[in-house]
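# Descriptive analysis of the structure
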Amino acid sequence: MSTNPQNDCREKQLANEQPSATEQPTITRRQLPRLAAIAALLALDPDVVDPNRWQPTTTGKRGHGKS
Amino acid sequence: VRAAAVVAHLDALDVLPALRAALRAMTAHDESALECREHWTGIIPGLERTLGLDPVAVAPFTLAWSLMYSAITHLDHLQDGDLDDDPVFRTLPHPGIGYNLVFAYYVLASSLLHTLSDQAFSSHRTTRLHRLWNKHMLRMASGQQLDLTTAKADQSALDSYQLIAQYKTGATFALVFGGLAALASDDPDFVDLFADVGELYGLLLQCSDDLRDAEDQPNLTLTLPHALQARFGHTTSAISERFWNQLYQESSHHLDELVTFLPPAMQAELRQLFVTAFGEAATQE
C-alpha cells in the first residue's frame, strides 16, 4: 500500500474498475497438435517420400466439414 | 427468422438510409448463404444442447457470431480481390465502399450482444462474453494479418500455416464455443476449456477444407496443400490423406485430454460434434 493518499485512492479505483473491454490476447494454454511435427513423422514413411510407392489405405476418412 | 431479427435491430439504430439499405441487402444475402455453410453454423445447436442453453435466450450472441462470420468472409473476398463470387460486392463502384460496409456490418454484429436479456444472464456473464469477443476477434485479425503478409511457400510454411489457421479459424470457433460456455457458466476454467475445444475444432475445419478444396484455392493465401508442397517437394493424395489421418487421430487424443474432467455425457456430446463434422478418427496402423 502506498503512503501517498492520492495513490491509495487510485489503487482503490483500480480495484473497483470493471475489466478492460479489450483484454490482451493470451497464448492458448494447451498446445494443439503441431502440424510440422506430423509432417516430420510422415517424412519417415517411404510411401510418402516416394509417391510412386503409395497404395491407397482403407482406414480413416477425410474430413467433410462442408456439406 | 435470422435476417428478420437483424433487420429489426438495425431499424432501431440511427443510420442513414443508404447504409441501412446496404446492410439489409447484405443480411438477406447472407442468410441464404449461411444455409450453404452448414459446417459453420451447424455447430451452434449442438453446443446449445451440450450446454443446456435456451436457443432463444442466446440468439443475440449466436446471431452476432454468424453475422460476424459473414462479415469476415466478405472481408476475405475484398482482400483477395475475389468479388466474382460475392454478389453483394460485385457491383460496387469501388472496393472502398465494400470496406466501409464490412466495418459497419461488423459493428452491427457486435452491437447485437447488447440485446442479451438482463433477466436471462447476469452482468458478470455478459461482461465476460464481451471480453471474450474482443480477445478472439483481435486474435482472428492477427491471424489475418499474418495470412496477408506471409510468403506462400518456404521451409517454415507449416508453422506459419498453423499460426494462421489457429488465429483465424481457430479463434473464431474458440469464440463460439467459449462464448456459449460463458453464457452457461460462471467458471472461467470451464469457459477456457470450451474455447480450447473450439480452437481445435476450428483448426481441423480449416485443415480439412484446405485439403478437400486443394484445386480451388486462391493463389494469394497460404493453404495447407501449399505448406505440404513446401515441406515434401510434392503433393499427392497420399500425403494429404495420411496427413489428415494423423492430424485427426492426434486431435482426437487431444480432445480426450481436454474434456477429461467434464461430466461423461458432456464429453460424449463434444466428441460427437467432431465426429459429425469430420467422421470417426482413423485407427492406428
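Owing to the predicted nature of the structure, the values given are computational and were not obtained by experimental measurement.

Cut-off values and rules
Residues numbered from 1 in each chain as written. Chains lettered and ligands numbered in written order. Predicted model: local features only at pLDDT ≥ 70, side-chain atom pairs only at ≥ 80, totals over all residues. Heavy atoms only, no water. Helix = DSSP H or I, 4+ residues; strand = E, 2+ residues; numbered from the N terminus. Rg over C-alpha atoms; globule rule 2.2 N^0.38 Å. Buried < 20%, exposed > 50% of the residue type's maximum accessible area, 1.4 Å probe, protein only. Contact = heavy atoms within 4.5 Å. Areas by Shrake-Rupley, 256 points an atom, 1.4 Å probe, with all protein chains shown as cover. Salt bridge = Lys/Arg side-chain N within 4 Å of Asp/Glu carboxyl O. Core = buried A, V, L, I, M, F, W, Y, C linked by side-chain atoms within 4.5 Å. Phe/Tyr/Trp six-rings, centres within 6.5 Å; stacked < 30°, edge-to-face > 60°. Lys NZ or Arg CZ within 6 Å of the ring centre and 35° of its normal. Expected span 1.5 Å × (residues − 1). pLDDT = per-residue confidence, 0-100. Polar contact = N/O pair within 3.5 Å; in protein donor to acceptor, adjacent residues only side chain to side chain. Axes fitted to C-alpha atoms, helices over the stretch in contact; angles between N-to-C directions. Parallel < 35°, antiparallel > 145°, perpendicular 65-115°, else oblique. Left-handed = near helix turned anticlockwise from the far one by under 90°. Nonpolar A, V, L, I, M, F, W, Y, C, P; charged D, E, K, R; others polar.

### Overview of the overall build of chain B
For chain B, the helix and strand inventory stands at 13 helices and zero strands. Starting at the N terminus and walking to the C terminus, you meet the elements of chain B as α-α-α-α-α-α-α-α-α-α-α-α-α. For chain B, whose C-alpha radius of gyration is 19 Å, the value lies close to the compact-globule estimate of 19 Å for 285 residues. Its C-alpha atoms give chain B principal-axis dimensions of roughly 60 × 50 × 25 Å. Residues classed as buried in chain B amount to 54% of the 285 residues present. Put simply, 75% of the contacts in chain B that link residues at least 6 apart link residues at least 24 apart. Per element, the accessible surface of chain B, about 12,100 Å² overall, is 55% carbon and sulfur.

### Considering the overall build of chain A
Each helix and strand counted, chain A has three helices and zero strands in total. Listed by position from the N terminus, the elements making up chain A come as α-α-α. In chain A, which comprises 67 residues, the proportion classed as buried is 22%. Of the roughly 5,000 Å² of accessible surface on chain A, 54% is carried by carbon and sulfur atoms.

### Remarks on the pattern of salt bridges
Side chains that differ in sign of charge can pair as their charged atoms come close. Residue and element names in this part refer to chain B. Enumeration over the complete set of coordinates arrives at nine salt bridges over all chains. Across the salt bridge formed by aspartate 209 and arginine 212, the nearest N and O atoms sit 3.4 Å from each other. With aspartate 209 and arginine 212 both in helix H10 (residues 188-212), this residue pair falls three residues apart, about one helical turn. Given a relative accessible area of 10%, aspartate 209 falls into the buried group. The salt bridge involving aspartate 256 is made with arginine 271; its shortest N-O contact spans 2.6 Å. Taken together, the positions of aspartate 256 in helix H12 (residues 237-258) and arginine 271 in helix H13 (residues 264-278) put the pair 15 residues apart, joining distant regions of the chain. Under the relative-accessibility criterion, aspartate 256 is labelled partly exposed at 30%. Taken together, the shared-partner salt bridges in this structure form one network comprising Asp11, Arg20 and Arg24.

### Topic: the nonpolar core
In globular proteins that are soluble, nonpolar side chains generally tend to be buried together. All names here are of chain B. The biggest cluster of nonpolar side chains holds 90 residues, and the ones touching the most others in it are Val176, Phe177, Phe194 and Phe243. Broken down by element, the residue count for this core peaks at 14 residues, all from helix H9 (residues 157-184). Contact partners of valine 176, with chain neighbours within four places excluded, come to Ile43, Ile44, Leu47, Phe61 and Trp65.

### Concerning the packing of aromatic side chains
Residue and element names in this part refer to chain B. Tallying each qualifying case throughout the model produces 13 aromatic pairs over all chains. For the pair tryptophan 65 and phenylalanine 173, a centre-to-centre distance of 5.4 Å together with 70 degrees between the ring planes defines the contact as edge-to-face. Linking tryptophan 65 in helix H5 (residues 55-80) with phenylalanine 173 in helix H9, this pair joins segments that are 108 residues apart in sequence. Using a relative accessible area of 0% as the deciding quantity, one classes phenylalanine 173 as buried. Aromatic pair tryptophan 244 and tyrosine 248: ring centres 5.5 Å apart, planes at 25 degrees, arrangement stacked. Taken together, the positions of tryptophan 244 and tyrosine 248, both in helix H12 and four residues apart, correspond to about one turn of that helix. Tyrosine 248 matches tryptophan 244 in its accessibility class, with the two residues each being buried. Put simply, the rings of Trp65, Tyr69, Phe173, Phe177, Tyr201, Trp244, Tyr248, Phe274 and Phe278 pair up and form one aromatic cluster. The ring of tyrosine 167 has arginine 139 sitting right over it, with the charged end atom 4.4 Å from the ring centre.

### Quick word on helix H7 (residues 95-111) of chain B
Each turn of an α-helix holds 3.6 residues, which means side chains three or four residues apart point in the same direction. Under the 1.5 Å per step criterion, the end-to-end length of H7 of chain B is 24 Å for 17 residues, consistent within 8% with the ideal 24 Å. Residues Gly98, Leu101, Val102, Ala104, Tyr105, Leu108, Ala109, Ser110 and Ser111 of chain B constitute the buried set of H7 of chain B.

### Some details on the confidence of the model for chain B
Scored by pLDDT, chain B comes out at a mean of 89, with 92% of its residues at no less than 70. Overall fold confidence for the complex sits at a pTM of 0.83, while the interface term, ipTM, reaches 0.84.

### A few points about H10 of chain B
Here H10 of chain B is 25 residues long and its end C-alpha atoms lie 36 Å apart, about the 36 Å a rise of 1.5 Å per residue gives. Between the side-chain oxygen of the N-cap and the backbone nitrogen of aspartate 189 of chain B there are 2.9 Å, and the N-cap of H10 of chain B in question is aspartate 187 of chain B.

### Quick notes on the packing of helix H8 (residues 123-149) of chain B against H10 of chain B
All names here are of chain B. At a minimum axis distance of 13 Å, the contact between H8 and H10 shows a crossing angle of 30 degrees. On the basis of their axis angle, the class for H8 and H10 is roughly parallel. At the point where H8 passes H10, the crossing takes the right-handed sense. Contacts from Arg128, Leu132, His136 and Arg139 of H8 reach H10 at Pro188, Val191, Ala195 and Glu199. A per-class count over the contact of H8 with H10 returns four nonpolar, one polar and three charged.

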